[in-house]
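An overview of the molecular structure
Okay, here's what each chain looks like letter by letter:
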Amino acid sequence: MLNIVIFGPPGAGKGTQSEKIIDKYNVVHISTGDLFRWHTKNDTPLGLKVKEIMNSGELVSDDITIAMLREEVEKNPQASGFLFDGFPRTVPQAEALDELMKSLGTEIHAVVELDVTEEEVRSRIAKRKELEGRADDADDKLERRIQEYFNKTIHVLPYYKHQNRLSTVNGIGAIENISASIAEVLNKHVS
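Everything numeric in this text was worked out from a predicted model, so none of it was measured. (Residues numbered from 1 in each chain as written. Predicted model: local features only at pLDDT ≥ 70, side-chain atom pairs only at ≥ 80, totals over all residues. Heavy atoms only, no water.)

**Some words on the packing of helix 2 (residues 32-41) against helix 3 (residues 45-55)**
Between helix 2 and helix 3, whose axes approach to 7 Å, the crossing angle comes to 105 degrees. In terms of their interaxial angle, helix 2 and helix 3 are classed as roughly perpendicular. On helix 3, the residues touching Phe36, His39 and Thr40 of helix 2 are Leu46, Gly47, Val50 and Lys51. In terms of residue class, the contact of helix 2 with helix 3 is built from 3 nonpolar, 3 polar and 1 charged. (Axes fitted to C-alpha atoms, helices over the stretch in contact; angles between N-to-C directions. Helix = DSSP H or I, 4+ residues; strand = E, 2+ residues; numbered from the N terminus. Parallel < 35°, antiparallel > 145°, perpendicular 65-115°, else oblique. Contact = heavy atoms within 4.5 Å. Nonpolar A, V, L, I, M, F, W, Y, C, P; charged D, E, K, R; others polar.)

Following this line, the structure appears as structure tokens:
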């Protein structure tokens, strides 16, 4: 089993690299954003809680997020591993994810940080905005997401570094070269 967390600011290439990791290692992609959207759209018990919280302007609590992650992992008992994208965003979330994985008899094996400058991120997103017109690339939302990453999420990295699970990969360059660097990291964990 290979369990991976991928980190990087908006526009770092997490989506592109996640697709390549999924294809190469046959892991199940778990995006908290996708999970929230699915649960709220389908009015599941968790989704109804999430809607209520979001409508009140609050952030979804870690226990609800972890419950969604647990459900998703348990839905895929034959998986060769999982790729977590968009979670954890805080040290308490990282600790909760470790506890979840431990309770399932496994662990996070590798944490890959795509290292990209804020300037590069802004340039990539401007191009993506022209081509794709993604709703989350709107200026106000984008600014909030970039600040969230560089002010909060980035502080999770030392947690994983201390555990020798963090590998930083240069996220600037040809997609194939970045993928090869990620594969170099992940191949150390594949038996």
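**Observations concerning the pattern of salt bridges**
With the rule as written, the count across this model stands at 6 salt bridges. As a salt-bridge pair, Asp43 and Lys51 come within 2.4 Å of each other at their nearest N and O atoms. Among the residues examined, Asp43 registers a relative accessible area of 39% and is labelled partly exposed. Relative accessible area serves as the criterion here: at 32%, Lys51 is assigned to the partly exposed category. The salt bridge involving Glu118 is made with Arg122; its shortest N-O contact spans 2.9 Å. (Salt bridge = Lys/Arg side-chain N within 4 Å of Asp/Glu carboxyl O. Buried < 20%, exposed > 50% of the residue type's maximum accessible area, 1.4 Å probe, protein only.)

**Some thoughts on the packing of aromatic side chains**
Following the criterion strictly, the structure yields 4 aromatic pairs and no others. Between Tyr159 and Tyr160 the ring centres are 5.1 Å apart and the planes differ by 80 degrees, which places this aromatic pair in the edge-to-face class. Its relative accessible area of 17% is what places Tyr159 among the buried residues. Relative accessible area serves as the criterion here: at 0%, Tyr160 is assigned to the buried category. A network of ring pairs unites the aromatic residues Phe7, Tyr159 and Tyr160 as a single cluster. One residue, Lys75, lies across the ring of Trp38, its end atom 5.0 Å from the ring centre. (Phe/Tyr/Trp six-rings, centres within 6.5 Å; stacked < 30°, edge-to-face > 60°. Lys NZ or Arg CZ within 6 Å of the ring centre and 35° of its normal.)

**Quick notes on the nonpolar core**
One finds Val5, Phe7, Leu69, Phe84, Leu97 and Tyr160 to be the most contacted residues of the largest nonpolar core, which totals 29 residues. Elements that contribute at least two residues to this core include exactly strand 1 (2-7), helix 2, helix 3, helix 4 (62-74), strand 3 (81-85), helix 5 (91-103) and helix 8 (157-162). With 5 residues, helix 4 is the largest single contributor of residues to this core. Discounting residues that sit within four places of it in the chain, Tyr160 has contacts with Val5, Phe7, Pro88, Ala94, Leu97, Asp98, Val111, Arg165 and Leu166. If you look at the next biggest cluster of nonpolar residues, it comprises 22 residues, including Tyr25, Val112, Leu114 and Val121. (Core = buried A, V, L, I, M, F, W, Y, C linked by side-chain atoms within 4.5 Å.)

**Description of the pairing of strand 1**
Walk down a regular strand and you will see the side chains alternate between the two sheet faces. Counting buried residues in strand 1 gives 6 out of 6 residues, a clear majority hidden from the surface. Burial along strand 1 is two-sided: the residues Leu2, Ile4 and Ile6 and Asn3, Val5 and Phe7 are all buried. Bridging between strand 1 and strand 3 involves 5 bridges; their strand directions are parallel. Residue pairing in the sheet places Ile4 in a bridge with Leu83 of strand 3. Relative to strand 4 (residues 110-115), strand 1 runs parallel, the two sharing 4 bridges. Directly across from Val5, in strand 4, lies its bridge partner Val111. (Pairing = 2+ DSSP bridges.)

Shape descriptors only; they carry no functional weight alone.
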